[in-house]
Amino acid sequence: MEAIVMYPSPGIGHLISMVELGKLILNHHPSFSIIILTTTPPFNTGSTSPYIHHVSSTTPSITFRHLPPISIPLDPNSYPSIEAITFQTLLLNTPNVHSALQSISLTSTVSAFIIDLFCTPALPIGAQLRIPTYCFFTSGAACLACYLYLPTIHRNTTANFKDMNTLLNFPSLPPIPSSDMPKPMLERTFREYVCFIDFLTQMPKSDGIIVNSFESLEPKAVKAIMDGVCVPDSPTPPLYCIGPLIASDDRRGGGGEGGEVHDECLSWLDSQPSGSVVFLCFGSLGLFSADQLKAIAIGLERSGLRFLWVVRSPPPEDKSKIFFATPDPDLDLLLPDGFLDRTKERGFVVKSWAPQVAVLKHDSVGGFVTHCGWNSVLEAVCAGVPMVAWPLYAEQRINRVLLVEEMKLALSMNESEGGFVTADEMEKRVSELMESEKGKAVRDRVKVASEGARAAMSEGGSSRAALAKLVGSWKRD
Ligand SMILES: O=c1ccn([C@@H]2O[C@H](COP(=O)(O)OP(=O)(O)O[C@H]3O[C@H](CO)[C@@H](O)[C@H](O)[C@H]3O)[C@@H](O)[C@H]2O)c(=O)[nH]1
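Residues numbered from 1 in each chain as written. Predicted model: local features only at pLDDT ≥ 70, side-chain atom pairs only at ≥ 80, totals over all residues. Heavy atoms only, no water.

> Explain the side chain of Ser 9 to me, please; I cannot follow it from the model alone.
One can find Ser 9 in the loop between strand E1 (2-7) and helix H1 (12-28). Under the relative-accessibility criterion, Ser 9 is labelled buried at 3%. Once residues lying within four places of it in the same chain are set aside, the contact partners of Ser 9 are His 14, Leu 15, Thr 86, Leu 90, Asp 116, Phe 118 and Cys 119. (Helix = DSSP H or I, 4+ residues; strand = E, 2+ residues; numbered from the N terminus. Buried < 20%, exposed > 50% of the residue type's maximum accessible area, 1.4 Å probe, protein only. Contact = heavy atoms within 4.5 Å.)

Below, the structure is given as structure tokens:
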């Protein structure tokens, strides 16, 4: 039996695309079995359990192998960020991964070991066990180009990104403000910074980099990586653009609970005119303060547009709880007085989680206000829905620059001091997206990108060719 072992980072945003990669391989090469190593970290990973359960029951060739708990239980209170505790969890997991791979090798031929960028501490295990090891990058190719070049910038300066106050130049990309680097990268003394630079330095030592994107979406970045200019001082391994991989749109497939609520919001969409609804949803972890939620509500109400809005409770005041899922929001308390009543003919508020892929594909949805998580971006591109880019965390500020300036598939939300978006800005931006010529131009470009996505994944397309090349590289002589 030939097996592919995959090792995703635990958050839902990383898990979904790894699972989809497994399904893609099985679709075209059903003789493989896919084994996914999972770990339960001591923080909220965004509804992964129902998702894993769903995949296990619908795709038997994919099995999940749960790694034993790490030797030292981690206390979330001692970590400054979700990245810090994720990196430490994955580092301490290394011996478990080693044992799992060894034990799987006793009964199967492991043709490839595919790891998430955050799982880089497991990279040497593949070499030790003589298993070809690939890095799977779950964001876009342009972000990958930027990340591959970061160790070079790191070596050429001693300054912190947070203090630079400059535009950074990366091969083939538009200039990106230094302050747009992911938060854990802003200071060199952060442990997460040190880990990140290490991961990015190690990544080119893998046997190949798989990226969840397609060539016609990000042609310049793909070329720059393949030409080796993003890693000037050492060889770049082969790049495989096999995407877009997005979660299937069955109603529970996106990972959430509450099937009835899902049905309700999709039925509500059924009753709305084609292309008329703005959808607002901010990934698995996006949370807003009570003031910010009120400003969004006021902006939406003033715009007069139809909307479907996923609202979560604000972040807990007790900082020790930031790593855990928030309870469902009390909408009457959080939203302006009478808001739900006044907008009930044209608005629908979903608590905590919506079936995003199905929503974006719905004919009534005409615009998407997104936090720029890469899965959300690809889901919008595949559905041909134009975006307003409002980044919140991780690499999302980088994605915004690329979406707005390079791909031109989104309008930029303009935040005030501290990232706050005023009601005026919300009203202006959603109206611009849905009703102006500028919005229409973005919509037209997204339709073209959507066609590109379909072409890339179909027979003879660039992503199908990349997959064939990748699988071909596993064939032993
Ligand atoms: O109410 C919701 C909220 C989210 N989703 C799904 O959850 C996934 C969220 O993924 P993504 O949009 O990528 O956001 P994050 O969960 O924030 O993903 C993390 O991982 C991504 C891939 O590396 C990065 O691009 C992000 O910045 C990082 O935060 C998507 O498939 C959504 O469809 C739902 O179905 N319903």
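Past the structure itself, the notes keep going.
> Help me understand the site of the ligand, please; the structure alone is not making it clear to me.
With respect to spatial proximity, 21 residues lie near the ligand, and among them Ser 284, Ala 354, Ser 376, Glu 379 and Glu 395 are the closest. Contact distances for the ligand include 2.4 Å between an oxygen atom and a side-chain N or O atom of Ser 284. The side chain of Glu 395 places a nitrogen or oxygen atom 2.5 Å from an oxygen atom of the ligand. Contact with the protein chains removes 96% of the 690 Å² of surface that the ligand exposes when unbound. Every element with two or more residues in the shell around the ligand is listed here: H1 and helix H15 (374-383). (Near = heavy atom within 4 Å. Polar contact = N/O pair within 3.5 Å; in protein donor to acceptor, adjacent residues only side chain to side chain. Areas by Shrake-Rupley, 256 points an atom, 1.4 Å probe, with all protein chains shown as cover.)

> What's the story with the sheet that holds strand E12 (residues 347-351) in this structure? I'm lost.
Backbone hydrogen bonds hold the strands of a sheet together, and the pairing may be parallel or antiparallel. Taken in spatial order, the six strands of this open sheet run E12-E11-E10-E13-E14-E15, and their pairing is parallel. Strand pairing shows two members of the sheet lacking a second neighbour, E12 and strand E15 (410-412), which therefore form its edges. Taken pair by pair, the neighbouring strands of this sheet meet at an average axis angle of 20 degrees, ignoring direction. Across three bridges, the pairing between strand E13 (residues 365-370) and strand E14 (residues 387-389) is parallel. Residue Thr 370 lies in a different strand from E14, and its bridge partner there is Ala 389. (Pairing = 2+ DSSP bridges. Axes fitted to C-alpha atoms, helices over the stretch in contact; angles between N-to-C directions.)

Bear in mind that shape data such as this cannot, by itself, settle questions of function.
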